[in-house]
Amino acid sequence: AGAPTYLCITEDGGAAKLTIAATSEEENVTLYQNDVLPWDLAQLQFVEYVAKVSGIDSETTLVFGVANAQADDEDAITVNAWFRMQGSVSTTAVVCETDDCTTDNDDKATGTTLAAVYKKFTIDFTNGLSDIRFYIDGQRVASGTTFSMASVSSGQNVQPFVQLHKA
């Protein structure tokens, strides 16, 4: 009964705005390519998002990066590299995650919190799938963790992926 939406708006040259309703019900709004997977993960150099996040509450999860398929439960997505905000843990903290169907590297702290200001998020694949690196505003984050997707199947493709989910 709620009104989850995503809009293409012209803010700072163009942006996508994802919102969910305040009603007490599960809602999910996903910006992705309908599971059409255009990017060969082994050939990917980097992915960048500029995001301004507000309104994350204890029931809300936000992920953005790359993934192989959409699922309402973000943890059910088997191949991904993304930034995550899990409102049930913190309404402002950003963590990094990768999953390659074998190694699931979840919830690694970045030391960064978000408020309603723009930040640039980069996932860097240039060191190969065994050493994926995450950056926020040009500063490497979660550098104490080696993010590896080396066990991913050969020829695995992914899509750009943003999902806002309220339990």
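Small disclaimer: the values here were computed from a predicted structure and weren't measured.

Caption draft 1: Examining the pairing of strand β7 (residues 79-86) more closely. Most of β7 is tucked away: seven of the eight residues are buried. With seven bridges joining them, strand β6 (residues 60-67) and β7 adopt antiparallel strand pairing. Residue pairing across strands places Val 66 opposite Ala 81, the latter belonging to β7. Both β7 and strand β8 (residues 93-100) contribute to a ladder of six bridges, which runs antiparallel. Bridged to Val 79 within β8 is Asp 100. Hairpin connection between β7 and β8: a loop of six residues separates the two successive antiparallel strands.

Caption draft 2: Spotlight on the environment of Ala 67. Mapping Ala 67 onto the fold places it in strand β6. Ala 67 sits in the buried class, given a relative accessible area of 0%. Sequence separation of Ala 67 and Ser 148 is 81 residues, and the distance between their C-alpha atoms is 15 Å. Other than its neighbours up to four places away in sequence, Ala 67 contacts Leu 37, Ile 77, Val 79, Asn 80, Trp 82, Val 158, Gln 159 and Phe 161.

Caption draft 3: A look at the pattern of salt bridges. For the coordinates displayed, the defined rule picks out six salt bridges. A salt bridge links Asp 75 to Arg 84, with the nearest nitrogen and oxygen atoms 3.1 Å apart. We classify Asp 75 as partly exposed; its relative accessible area is 46%. In this structure Arg 84 comes out as buried when scored by relative accessible area, which is 4%.

Caption draft 4: Spatial organisation of the packing of aromatic side chains. All told, the structure shown has eight aromatic pairs when counted by the stated rule. Ring centres of Phe 64 and Phe 83 lie 5.6 Å apart, and the angle between their planes is 25°; this geometry places the pair in the stacked category. Placement of Phe 64 in strand β6 and of Phe 83 in strand β7 is noted, with a sequence separation of 19 residues between them. Classification of Phe 64 as buried rests on a relative accessible area of 4%. Look at Phe 134 and Phe 147: their rings are 4.8 Å apart centre to centre, the planes differ by 65°, and that puts the pair in the edge-to-face class. Of this pair, Phe 134 sits in strand β11 (residues 133-136) while Phe 147 sits in the loop between β12 (139-141) and β13 (157-166), and the two are 13 residues apart along the sequence. In this pair, the class of Phe 134 matches that of Phe 147, namely buried.

Scoring rules and cut-offs
- Residues numbered from 1 in each chain as written.
- Predicted model: local features only at pLDDT ≥ 70, side-chain atom pairs only at ≥ 80, totals over all residues.
- Heavy atoms only, no water.
- Buried < 20%, exposed > 50% of the residue type's maximum accessible area, 1.4 Å probe, protein only.
- Helix = DSSP H or I, 4+ residues; strand = E, 2+ residues; numbered from the N terminus.
- Pairing = 2+ DSSP bridges.
- Contact = heavy atoms within 4.5 Å.
- Salt bridge = Lys/Arg side-chain N within 4 Å of Asp/Glu carboxyl O.
- Phe/Tyr/Trp six-rings, centres within 6.5 Å; stacked < 30°, edge-to-face > 60°.

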